[in-house]
Every structure is written in structure tokens, then in C-alpha cells.
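# Fold and geometry: a report
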Amino acid sequence: MAAERIDGKRIAAETRAEIAEKVAAMKAGGVTPGLAVVIVGENPASQVYVRNKHKACGEVGMYSEVIELPEATTEDELLSVLAKLNERADIDGILVQLPLPKHISEEKVIHAIRPDKDVDAFHPFNTGKLMIGNPDFLPCTPAGVMVMLEKSGVNVTGKNCVVVGRSNIVGKPMALLLLAANGTVTVCHSKTPDLAAVTREADILVVAIGRADFITGDMIKPGAVVIDVGMNRRADGKLTGDVDFASASEVASMITPVPGGVGPMTITMLLENTLRAAALHHK
Ligand code: NDP
């Protein structure tokens, strides 16, 4: 039987409606949550992401500001822009769109954002708080996956959870969130010798590797819940995930499509973090 599709667009729309209500309540109390998005250079994919973030803020009633800087901006110039945003009372969240031009250190830039405005949750202060189980902000993509599981009625407690990929922005924080939700978590990566033997044990399988259609149906336990974080461009320009949807959906009980799965949740969780930042600033 074909797996049930987890509809990321629908869940994102529901979650954004809930956020919009909270923003309206906050505005009634005289506070408008504000996000600043900084983009350096003219990477077309980054420009699309930034436009989408700006639009999403407007749709839930938040203030947002896009700061576009030329490719030739120096690291010091960018740091001084961030220092000003750190001090502004109308800006609750600051996001610097990655990747940055090669002459700018991403690490220095991430460290320069005030942790209480770090809505991407990339600053070591926030990654540390996540690790000890006391986060102010959750990293957007893994947090979006957790909301999708919850809204689809998937209980993580006691489940075998396998995360494929160990990046700082997806795989590692994903593993921590599943652990915090009482899953038994295994993390795989490119040096895992028999990947299929591990993925076949997963009740919940989350894949974030950046390789088109890599996880096939024969690597999935019958009845598993499969979450595909991957976003890859095929030669024909179409977007595809890390999971081979056709074969996987024959075996899984629930599966996220690409597009229309995890993608729409990431910006939604950025809005959630901006709301949390505003709540922190106006206790
Ligand atoms: P990274 O390239 O930073 O990390 C990829 C991870 O996958 C690494 O840990 C790597 O292992 C592992 N890996 C690569 N090949 C294999 C393999 N053959 N077997 C097992 N593990 C493997 O990617 P990201 O985490 O940033 O992104 C992953 C995917 O998710 C991408 O497609 C990206 O576009 C997408 N993405 C989607 C988002 C969304 O909003 N939907 C947001 C962020 C990312 P090792 O550490 O050993 O090298």
C-alpha cells in the first residue's frame, strides 16, 4: 500500500496561521516582532530565499528589513552592520543569508550576532543550549521536522530513529531533537560502512545528505516514517529529495515529498524563532 504523504505545505500554512495570531496579540500589546535579513552578493538562489523570508514575515504581520550588501563588502563592514542591528530595539531577529563570499569568515559572522537575536540558532551559545536541553531557539529545519512529526500524530518516544547526515545545520541538531523527544537515535554519515543495514532498523528515518534519490525502498523498514530533508536539482532543473520517492513510498507508512515537504517548514520555524526572540525582549 502506498505511504501517506505528509503535506508540508498544509502543516506550514496551519503553523503560520497560529504564528499570525500570536503576532496580532503581541501587536495589540504594542510590540511588533522584527527580523533583519542580511544578504551579501548576488547569488540568485540566496536572493530567492531572502525574498521568501521577507514575504513570509509580511504575511504573518511581522516587520522585516532586507539589507543588501555588494559582493565586495569587507568582513569588517559586515561586522559593523551586525553590530548596529544588535543594538536596534525594533529588530528582534538577525539572519545572515549563507553562503557568504569567500573573503568573509562565516564563523566570525555567526559569532557576531547577539545570541538572543540569533534566529537561525547557529551561534555556539544556542547550539550549546540545545545540547544541554535548554534552548531559546531551535534550528529551523530540524525544528520544522519535529512539528511535522507531531502534527502527523507520530510519537517519537521509544522509536528507533536514524538520521542520515551529520551537518551542524541539519543532521546533528536533528539527532538532538529526536533524543530530547525520547527517541533512540543513531546518526549515519559518509563513513558508515553498511548504511542500509542501519536504515532498515529505523522506525523514523530522517535523511539529509544532499544526494538525489539516494535512499531507495529496499533500505527502508516496512511501515517506517520517512522524512526527506534533501533538496537537489536534477539535470532537467526539477527539484528532488535524497529519497527515491517512488520506491520508498511503497514500503513506508508515511513520507514527505520534495518539493512540498520539509522545505515550507524551514521558513515557518524562522518566523517562530523571531516571535520567540520578540517575547524574550519584551518579557
Ligand atoms: P552537508 O553537505 O553539510 O552534509 C551532508 C551530510 O551527509 C554529511 O554529514 C555527509 O557525511 C553525509 N553524507 C554524504 N554522502 C553520504 C552517503 N553516501 N552516505 C551517508 N551519509 C552521507 O548538507 P546539509 O546537511 O546542509 O544538507 C543536506 C541536504 O538537505 C541538502 O540536499 C540540502 O540542500 C538540504 N537542506 C534542505 C533544507 C530545507 O529547508 N528543506 C535546509 C537545509 C538543507 P560526512 O559528514 O561524513 O561528510
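For the structure itself, consult the block above.
Notes on the structure in this doc start here.

Calculation rules
Residues numbered from 1 in each chain as written. Predicted model: local features only at pLDDT ≥ 70, side-chain atom pairs only at ≥ 80, totals over all residues. Heavy atoms only, no water. Salt bridge = Lys/Arg side-chain N within 4 Å of Asp/Glu carboxyl O. Helix = DSSP H or I, 4+ residues; strand = E, 2+ residues; numbered from the N terminus. Buried < 20%, exposed > 50% of the residue type's maximum accessible area, 1.4 Å probe, protein only. Pairing = 2+ DSSP bridges. Axes fitted to C-alpha atoms, helices over the stretch in contact; angles between N-to-C directions. Core = buried A, V, L, I, M, F, W, Y, C linked by side-chain atoms within 4.5 Å. Contact = heavy atoms within 4.5 Å. 1 Å grid on protein atoms, 1.4 Å probe; cavity = no way out; pocket = protein on both sides within 12 Å on 5 of 7 lines; lining within 4 Å. Points joined across faces, edges and corners; volume = space filled by probe spheres on them. Nonpolar A, V, L, I, M, F, W, Y, C, P; charged D, E, K, R; others polar. Expected span 1.5 Å × (residues − 1). Arc of directions from axis to C-beta. Polar contact = N/O pair within 3.5 Å; in protein donor to acceptor, adjacent residues only side chain to side chain. Right-handed = clockwise from strand over helix to strand, strands pointing away. Left-handed = near helix turned anticlockwise from the far one by under 90°.

## Remarks on the pattern of salt bridges
- Using the criterion set out here, one finds 12 salt bridges in the structure.
- In this structure, Glu 18 and Lys 151 form a salt bridge, with 2.7 Å as the shortest nitrogen-oxygen distance. With Glu 18 in helix H1 (residues 8-28) and Lys 151 in helix H6 (residues 140-151), this residue pair connects regions lying 133 residues apart in the sequence.
- Judged by relative accessible area, which is 38%, Glu 18 ranks as partly exposed.
- Lys 151 sits in the partly exposed class, given a relative accessible area of 30%.

## Some remarks on the sheet that holds strand S4 (residues 93-96)
- Ordered by their spatial adjacency, three strands build an open sheet running S3-S2-S4, and the pairing between neighbours is parallel. Looking along the sheet, the strands with just one partner apiece sit at the ends: strand S3 (63-69) and S4. Averaged over all pairs of adjacent strands, the angle between their axes in this sheet comes to 15°, without regard to strand direction.
- For strand S2 (residues 34-40) and S4, the ladder comprises four bridges, and the chain directions are parallel. When the bridges of S4 are listed, Leu 35 appears paired with Gly 93.

## Topic: the nonpolar core
- Met 62, Leu 149, Leu 178, Ile 204, Val 225, Ile 227 and Val 229 are the most contacted members of the largest nonpolar core, which has 53 residues in total.
- For this core, the element with the highest residue contribution is helix H10 (residues 263-281), accounting for eight residues.
- Aside from chain neighbours lying at most four places away, what touches Val 229 is Thr 141, Val 145, Val 170, Val 206, Val 207, Ala 208 and Val 262.

## Side note on empty space enclosed by the protein
- Counted according to the given criterion, the structure contains one cavity of 30 Å³ or more.
- Taken as a whole, the largest cavity spans an internal volume of roughly 70 Å³.
- Around the largest cavity, the lining residues are Ile 94, Leu 95, Val 96, Leu 98, Val 109, Ile 110, Ile 113, Asp 118, Asp 120 and Phe 122.
- Looking at the lining of the largest cavity, the elements with two or more residues in it are S4 and helix H4 (106-112).
- Considering each element in turn, the lining of the largest cavity owes the most residues, three residues, to S4.
- Along the lines of polarity and charge, the residues of the lining of the largest cavity split into eight nonpolar, no polar and two charged.

## Examining helix H2 (residues 44-59)
- Its 16 residues place the ends of H2 23 Å apart at the C-alpha level, agreeing with the 22 Å of an ideal helix rising 1.5 Å per residue.
- Residues of H2 that are buried: Ser 46, Val 50, Lys 53, Ala 56 and Cys 57. Seen end-on, H2 carries its buried residues on one side only, within an arc spanning 125°. Exposed side chains of H2 directed beyond 90 degrees from the buried face belong to Pro 44, Arg 51, Lys 55 and Glu 59.
- Contacts from the buried residues of H2 go to H1, S2, S3, S4 and H10.
- For H2, the N-terminal capping position is held by Asn 43, with its side-chain oxygen 2.9 Å away from the main-chain nitrogen of Ala 45.
- Gly 61 occupies a position one or two residues after H2 and carries a positive phi of about 90°.

## Looking at the layout of surface pockets
- Roughly 1,500 Å³ of internal volume is contained in the largest pocket.
- Lining the largest pocket we find 48 residues, and of these Tyr 49, Thr 141, Met 231, Gly 263 and Thr 266 sit closest to its centre.
- Elements that contribute at least two residues to the lining of the largest pocket include exactly H1, H2, S4, H6, strand S9 (232-233) and H10.
- Broken down by element, the lining of the largest pocket gets its largest block of residues, nine residues, from H2.
- What the second largest pocket holds in volume is close to 330 Å³.

## Considering the pairing of S2
- S2 sits mainly inside the fold: seven of its seven residues count as buried.
- Burial along S2 is two-sided: the residues Gly 34, Ala 36, Val 38 and Val 40 and Leu 35, Val 37 and Ile 39 are all buried.
- Alignment of S2 against S3, held across seven bridges, turns out to be parallel. Note on S3: the bridge partner recorded for Val 37 is Val 66.
- The parallel pair S2 and S3 is bridged by H2, and the resulting crossover is right-handed.

## Describing the packing of H6 against helix H7 (residues 171-180)
- In the contact formed by H6 and H7, the axes pass within 9 Å of each other and the chain directions differ by 40°. Classified by chirality, the crossing of H7 by H6 is right-handed. Seen from H6, the contacting residues are Pro 142, Ala 143, Val 145, Met 146 and Leu 149; seen from H7, they are Pro 173, Met 174, Leu 177 and Leu 178.
- Grouping the constituent residues of the contact of H6 with H7 by class yields nine nonpolar, no polar and no charged.

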